[in-house]
Amino acid sequence: MADTGETETVSGSRAAAHRGAGDDWHGRIRRFSKSDFVRGLPYWFVPFLIMGFGVYGGIGWNTLISLTDYEGFGQPPDLGDLDLEMYAQALQDPAVFVTTKNTFVLMIAFTTITMILGLFLAIMLDRDIRFREKIQTIYLLPMALSFVVTAQFWLWMYNVNNGLVNTVVGVFGLGPYNWIGNPDLVLSAVIFALIWQFSGYAMVVFLAGLQSMPDDQFEAAKVDGANTLEMYWDVIIPQLKSSSVSAAVILMIFALKAFTFLYSMFGQYRVPQATDILATLMVREAFQLQNWAYSAAIASILLVMSLAIIAPYLYYQYKQGSL
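Values in this document were obtained by computation on a predicted structure and should not be read as measured data.

Novice: Let's hear about the overall build of the protein: which residues, and what values?
Specialist: The number of helices and strands found in the protein is 15 helices and 0 strands. Considered along the principal axes of its C-alpha atoms, the protein spans approximately 120 × 70 × 35 Å. Classification of the 323 residues of the protein by burial places 35% in the buried group. Contacts in the protein between residues at least 24 apart in sequence constitute 65% of all its contacts with a sequence separation of at least 6. For the protein, the computed accessible surface area is about 19800 Å², with 65% contributed by carbon and sulfur atoms.

Novice: Outline the packing of helix 7 (residues 147-157) against helix 8 (residues 164-171), listing residues and values.
Specialist: It is the contact of helix 7 with helix 8, at a shortest axis distance of 6 Å, that shows an interaxial angle of 35°. Residues Trp154, Trp156 and Met157 of helix 7 form the contact with helix 8, whose participating residues are Leu164, Val165 and Asn166. When its residues are assigned to classes, the contact of helix 7 with helix 8 shows 5 nonpolar, 1 polar and no charged.

Novice: Talk me through unusual backbone geometry; I want residue IDs and the actual numbers.
Specialist: With phi around 60°, Gln290 is a residue other than glycine that occupies positive phi space. Secondary-structure assignment places Gln290 in the loop between helix 14 (278-288) and helix 15 (292-319).

Novice: Give a description of the packing of helix 5 (residues 94-126) against helix 9 (residues 186-211) that names residues and reports values.
Specialist: It is at 6 Å that the axes of helix 5 and helix 9 come closest, and there the two elements cross at 45°. In terms of orientation, helix 5 and helix 9 fall into the oblique class. As helix 5 packs across helix 9, the resulting crossing turns out to be right-handed. Looking at the contact of helix 5 with helix 9 residue by residue, the classes come out as 23 nonpolar, 4 polar and 1 charged.

Novice: Quick one: what's the story with the nonpolar core, residue by residue and with numbers?
Specialist: The biggest cluster of nonpolar side chains holds 75 residues, and the ones touching the most others in it are Phe110, Val190, Leu194, Phe261, Met265 and Phe266. Among the elements that make up this core, the one with the highest residue count is helix 9 (15 residues). With sequence-adjacent residues up to four places away left out, Met265 is seen in contact with Ala151, Trp154, Leu155, Ile180 and Val190.

Novice: Pulling in residues and values, what's your account of the environment of Met252?
Specialist: Looking at the secondary structure, you find Met252 in helix 12 (residues 241-256). Between the alpha carbons of Met252 and Tyr232 there is a distance of 25 Å; along the sequence they are 20 residues apart. Ignoring sequence-local partners within four residues, the contact set of Met252 consists of Met107, Thr111 and Ile309.

Novice: Describe in detail the pattern of salt bridges, supporting the description with residues and values.
Specialist: Tallied over the full model, the rule gives 1 salt bridge. One salt bridge in this structure joins Arg284 and Asp276, with 2.9 Å as the shortest N-O distance.

Novice: Go over the side chain of Ser199 with me, naming the residues and quoting the values.
Specialist: Structurally, Ser199 can be placed in helix 9. Residue contacts for Ser199: discarding those within four places in its chain leaves Thr114, Leu117, Gly118 and Tyr139.

Novice: Which residues make up the packing of aromatic side chains, and what values go with them?
Specialist: The full count for this structure, using the stated rule, is 17 aromatic pairs. With a centroid separation of 5.7 Å and 35° between ring planes, the pair formed by Tyr158 and Trp179 is classed as tilted. In this pair, Tyr158 sits in the loop between helix 7 and helix 8 while Trp179 sits in the loop between helix 8 and helix 9, placing the two residues 21 residues apart along the sequence. We classify Tyr158 as buried; its relative accessible area is 4%. Overall, the relative accessible area of 15% leaves Trp179 in the buried class. Ring pairing ties together the aromatic residues Phe153, Trp154, Trp156, Tyr158, Tyr177, Trp179, Phe192 and Trp196, which thus form one cluster.

Novice: How would you summarise the environment of Gly72 if you had to cite specific residues and measurements?
Specialist: Within the secondary structure, Gly72 sits in the loop between helix 3 (41-66) and helix 4 (85-92). The class for Gly72 is buried, based on a relative accessible area of 3%. With 214 residues separating them along the chain, Gly72 and Ala286 place their C-alpha atoms 7.6 Å apart. Once residues lying within four places of it in the same chain are set aside, the contact partners of Gly72 are Gln290 and Trp292.

Novice: For a nonpolar patch on the surface, give the residues involved together with the corresponding values.
Specialist: A contiguous nonpolar surface patch, about 1100 Å² in accessible area, is contributed by Phe37, Leu41, Trp44, Phe45, Val46, Phe48, Leu49, Ile50, Met51, Val55, Tyr56 and Ile59. For the nonpolar patch, the element with the highest residue contribution is helix 3, accounting for 11 residues. Tracing the backbone shows Trp44 in helix 3. On the basis of relative accessibility, which here comes to 31%, the residue Trp44 falls in the partly exposed class.

The rules we used
Residues numbered from 1 in each chain as written. Predicted model: local features only at pLDDT ≥ 70, side-chain atom pairs only at ≥ 80, totals over all residues. Heavy atoms only, no water. Helix = DSSP H or I, 4+ residues; strand = E, 2+ residues; numbered from the N terminus. Buried < 20%, exposed > 50% of the residue type's maximum accessible area, 1.4 Å probe, protein only. Contact = heavy atoms within 4.5 Å. Areas by Shrake-Rupley, 256 points an atom, 1.4 Å probe, with all protein chains shown as cover. Axes fitted to C-alpha atoms, helices over the stretch in contact; angles between N-to-C directions. Nonpolar A, V, L, I, M, F, W, Y, C, P; charged D, E, K, R; others polar. Parallel < 35°, antiparallel > 145°, perpendicular 65-115°, else oblique. Left-handed = near helix turned anticlockwise from the far one by under 90°. Core = buried A, V, L, I, M, F, W, Y, C linked by side-chain atoms within 4.5 Å. Salt bridge = Lys/Arg side-chain N within 4 Å of Asp/Glu carboxyl O. Phe/Tyr/Trp six-rings, centres within 6.5 Å; stacked < 30°, edge-to-face > 60°. Patch = residues over 30% accessible without salt bridge, like charges linked within 9 Å, V, L, I, M, F, W, Y side chains within 5 Å.

This is the structure we're talking about:
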């Protein structure tokens, strides 16, 4: 009888434990159904689906195409024979080498000069110069323009006969120069136009960083006997590291995607050699030469370059506690 009682007790304990587990499971489901994640589903799911299909789906499809011999419309790509032939071809292609070099030159020169100019403008505005708001608006306005508008505007500025640039140069007894048609000048002309468009963005980023600093740091530097140049070089600018990294990443990404600007300025897929970058080579191979698989491989190379810029930035933000 004692054994029977113990058996019934054990069975009852197991049943109670089973009911407790079931109640706990149902409780978790109820809590999950009332969570912010589920309640926000109608708002975030559709954008997430669109982004997943349009962005990551596109990246995946492009990578798949780059592993085939697809040559454009007509026959669908043969997905049964995938290889790295297009990447091997790209590594041996002199055009890829030249456009990669041009891409780095454009990216580094444009980013560096734009950040220096933006920092200078930010410091000037931070010192409460006259007409501060008007100057800030004037420099920020080009950022709102598209690459197409900027390209057409600077085509007029560079006009050999009546362009404003040659008019100014003529005041000093120089020129006129054919900025767009001269291989030695065309890259500098493109970089100058891009700097004009994005220097206002760099200015705003640095100005935000300057205005977030407490005033006591400026006062402490003055008490220590630092002049204005030493105060900015030794105290203020080193604290703009986060602003510098953020601005540099955005500017480098824009340099990688400058195809729209170059195509709008020159009106053709084959831009001058000094300004032929990976983005123009990619589009030319796809839409002019119908080498879609090869173009997809170049696009993948551009993606890797973009990730090489963005990944360290995200890691830096994570280490700073911003992610």
